[in-house]
Amino acid sequence: KATFDQFDNDGNGSISREEAMLHAEARTDENKAAIEAQYMAFLEEHPDEQDKAEETRDTHLQNLKEAEHSLITMFENADMDGDGQLSINEFALAEAWWMKSTMNPSKLALF
């Protein structure tokens, strides 16, 4: 419920496509920052592996971008009743999918 409330910016008990996109963009920005931080830490310890690290970082950043784009499809699929809003039950399904299909760099060692 707490995650749902974070998405439901206007507090009306449902999540619009715009609210979902805003939150997904914010998550993507946080994950990008975590990837960049891990990248920089890796380079400090392994300066001779910059090419490999750049390739790895770029792959992770591309995966984030693709996951954000797939949010539109996820939203449409989770909107079971087709009203253009996600109820808390529809959101729970969407959130489970989102968490499975994306990575959380703050919980993973990417380099």
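Above this text sits the structure in question.
The residue numbers shown here count from 1 along each chain, following its written sequence. In view of the model being predicted, local features appear only for residues whose pLDDT reaches at least 70, and side-chain atom pairs are presented and counted only at 80 or more, with totals across whole chains, interfaces and linings using the full set of residues. Only hydrogens and water are removed before side-chain values are computed, so all heavy atoms of the structure are retained for them.

### With respect to the pattern of salt bridges
Where side chains of opposite charge bring their charged atoms close, a pairing between them can arise. For clarity, the cut-off: When a carboxyl oxygen of Asp or Glu is within 4 Å of a side-chain nitrogen of Lys or Arg, the pair counts as a salt bridge. When a residue's accessible area, from a 1.4 Å probe over protein chains only, is under 20% of the maximum for its type it is buried; when over 50% it is exposed; and in between it is partly exposed.
What the rule picks out here adds up to 5 salt bridges. The partner of Lys52 in a salt bridge is Glu49, with the nearest N and O atoms 3.9 Å apart. Since its relative accessible area comes to 55%, Lys52 is described here as exposed. We classify Glu49 as partly exposed; its relative accessible area is 26%. Look at the salt bridges and you will find they share partners, linking Glu36, Arg57 and Asp58 into a network.

### Some details on the environment of Thr73
To keep things clear, this is the line we draw: Strands are runs of DSSP state E lasting at least two residues, helices are runs of H or I lasting at least four, and both sets are numbered from the N terminus onward.
Along the chain, the position of Thr73 falls in helix α3 (residues 50–78). Separated by 14 residues in sequence, Thr73 and Thr59 have C-alpha atoms that sit 22 Å apart.

### Here we look at the environment of Leu86
Short version of the rule: Only heavy atoms enter the contact rule, under which two residues are in contact if any of them lie within 4.5 Å.
Considering the arrangement of structural elements, one finds Leu86 in strand β2 (residues 85–86). By relative accessible area, Leu86 is classed as buried at 2%. Sequence separation of Leu86 and Ala37 is 49 residues, and the distance between their C-alpha atoms is 33 Å. For Leu86, the residues in contact, after removing those within four places along its chain, are Phe4, Ser14, Ile15, Phe75, Ala78, Asp79, Phe91 and Ala94.

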